[in-house]
Amino acid sequence: MKIFSRLFSKSPVDLLAKGDGFFDSERFFDARTCYEEGLQRSFDDEPHGNQKKVFMERIDRANLKLAELNLSEAEFAFGRGDSEKAIDHLELVKTLTDDPAIRELADKLLKEQIDSGGNSAEPAASSSCASCSHIQVDDYAANQYADESLHPLEYFELLIGQLPEDQYHRYSGLGEDFAYAYVAACQDRHTEALSLLDEWSGDSNRDIYYCERGKVLHRLGNALEAEQHLREAVRLNEFNSLARLNLALLLIESGRLEEVMHLLDSMIAENMMTEQAMLMRGEILESTGNMNEAIDQYSRLLTTQYAASAAEKLHSVLIKTGRQSDAALVFKQFLGKCGH
């Protein structure tokens, strides 16, 4: 079953005319969609015997234009130093056309990139299910707002501004002692962070104490004690979404995928950081070879704030499973102008 519904029309003749109109307006993907629908609705018998051939020729022509566009996008991406995005475009070129000149040029660009050693930024290290969702919320904020000129309390406000709303309200009222501990943790001053957390009087917020201390221990590589802390945070407050998310990350890194799937399912069922949990769930399904389920999971996120991340992953899975047409549609609708 296709992810996206195709354009409808009553007859192949209508679809051909509509597709030609799109093509003349340089809306090549919309044109190809019409042509493919027309091909499905066309006849093999006379007097309609040439319909299929016409549609196939039109599809090839539209694919060639799409390949040329992706080639241009690849050149532009290489020019701005984004070799990863450029390579994605070049791989799509090869799925779109058999034209020898276009494919030769795509191969040439790839070879030039390899010979030059590449110039894209080195990807961040992560777990075996690598993704943007595996960056802890405050880690992302620390990278984004790192500025030594900021007062620690101002820095703290920027950091917690990235938290889910319910957690933001809790963290914003925990006082200066906690704020200094939180900033130290986000700046990888681990020993200082642990000391400050132990000095902080968080008697009425022990779930946050255990959650934040568990995160620091996790970064220090003490997985066993980190897990104990995070589970204690969840025991004290089952609605602490950050504790659950960080426990899920720890379980993923330790390869306990059955446990983490159960945890993510419960988060989704309870509407707790639902979109992040769904993205992580999709990654696990993909990493374990459940491609159809992964496609379904990523597709559910295309109308959310995680659409860009989900679309990148969905596009990759569709290419891997031979669904180039759907992959191209995802690329056009969600990734064509993405600067991620």
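Quick notes on the rules
Sequence order sets the numbering: in each chain, residues are counted from 1 along the sequence as written. Reporting of local features is limited, given that this is a predicted model, to residues whose pLDDT is at least 70; pairs of side-chain atoms are given and counted only at 80 or more, and all residues count toward the totals for whole chains, interfaces and linings. To obtain the side-chain values, all non-hydrogen atoms of the structure were included, while hydrogens and water were left out. Elements are defined by DSSP. Helices are runs of H or I of four residues or more, strands are runs of E of two residues or more, and each kind is numbered from the N terminus. Buried, partly exposed and exposed residues are distinguished by accessible area as a fraction of the type maximum, computed with a 1.4 Å probe on protein chains only: under 20%, between the cut-offs, and over 50%, respectively. Whether two residues touch is decided by their heavy atoms; if any such pair falls within 4.5 Å, the residues are in contact. Only the protein chains shown count as covering a residue, and every accessible area follows the Shrake-Rupley method with a 1.4 Å probe. Two aromatic rings, drawn from Phe, Tyr or Trp (for Trp, its six-membered ring), form a pair once their centres lie within 6.5 Å of each other, and the interplanar angle then sorts them: stacked below 30 degrees, edge-to-face above 60, tilted otherwise. Charge-over-ring placement is defined geometrically: NZ (Lys) or CZ (Arg) within 6 Å of the ring centre, and within 35 degrees of the ring normal. Here, axes are lines fitted to C-alpha atoms. For helices the fit covers the stretch in contact, and angles between N-to-C directions go from 0 to 180 degrees. Roughly parallel means an angle under 35 degrees; roughly antiparallel means over 145; roughly perpendicular covers 65 to 115; every other angle is labelled oblique. Think of it as three bins: nonpolar holds Ala, Val, Leu, Ile, Met, Phe, Trp, Tyr, Cys and Pro, charged holds Asp, Glu, Lys and Arg, and polar takes everything else, Gly as well. Just to be clear on terms, a salt bridge is a Lys or Arg side-chain nitrogen sitting within 4 Å of an Asp or Glu carboxyl oxygen. By the definition used in this description, the sense in which the near helix is turned from the far one sets the handedness, with an anticlockwise turn below a right angle giving left-handed and a clockwise turn giving right-handed.

(A) Geometry of the overall build of the protein. Helices and strands together make up the secondary structure of the protein, namely 18 helices and zero strands. Taking all 340 residues of the protein together, the buried fraction comes to 46%. Excluding contacts between residues fewer than 6 apart, the proportion of contacts in the protein whose partners are at least 24 apart in sequence is 55%. Here the protein has roughly 17700 Å² of accessible surface; of this, 49% comes from carbon and sulfur atoms.

(B) Structural view of the side chain of N205. As for its position among the elements, N205 is in the loop between α10 (190-199) and α11 (206-219). For N205, a relative accessible area of 16% gives the class buried. With sequence-adjacent residues up to four places away left out, N205 is seen in contact with R170, L174 and W200.

(C) Examining the packing of aromatic side chains more closely. Following the criterion strictly, the structure yields seven aromatic pairs and no others. With a centroid separation of 5.7 Å and an interplanar angle of 80 degrees, the aromatic rings of Y171 and Y182 are classed as edge-to-face. Of this pair, Y171 sits in helix α8 (residues 165-171) while Y182 sits in helix α9 (residues 175-186), and the two are 11 residues apart along the sequence. In this structure Y182 comes out as buried when scored by relative accessible area, which is 2%. An aromatic cluster of three or more residues is present, and its members are F156, Y171, F178, Y182 and W200. The ring of F23 is capped by R61, whose NZ or CZ atom sits 3.8 Å from the centre of that ring.

(D) Spatial organisation of the packing of helix α13 (residues 241-253) against helix α15 (residues 274-287). Running from N to C, α13 and α15 point in directions that differ by 10 degrees, and their axes come no closer than 11 Å. The orientation of α13 relative to α15 falls into the category roughly parallel. Each of L245, A248, L249 and I252 in α13 lies in contact with α15, whose residues at this interface are Q276, M280 and I284. Of the residues that constitute the contact of α13 with α15, the class distribution is six nonpolar, one polar and no charged.

(E) The pattern of salt bridges, seen in detail. Counted according to the given criterion, the structure contains 20 salt bridges. R213 is paired through a salt bridge with D198; the nearest N and O atoms lie 3.1 Å apart. Taken as a pair, R213 in helix α11 and D198 in helix α10 lie far apart in primary sequence, 15 residues in all. By relative accessible area, which is 14% here, R213 ends up buried.

(F) Spatial organisation of the packing of α15 against helix α16 (residues 291-299). Where α15 contacts α16, the axes come no closer than 8 Å and their chain directions differ by 160 degrees. In this view, α15 runs roughly antiparallel relative to α16, as classed from their interaxial angle. In this structure, the crossing between α15 and α16 has a hand that is left-handed. Between α15 and α16, the contacting residues are M278, L279, R281, G282, E283, L285 and E286 on the first element and M291, E293, A294, Q297 and Y298 on the second.

(G) Geometry of the environment of L15. Here L15 shows up in helix α1 (residues 12-24). L15 sits in the buried class, given a relative accessible area of 0%. C-alpha separation for the pair L15 and Y35, spaced 20 residues apart in sequence, amounts to 6.6 Å.

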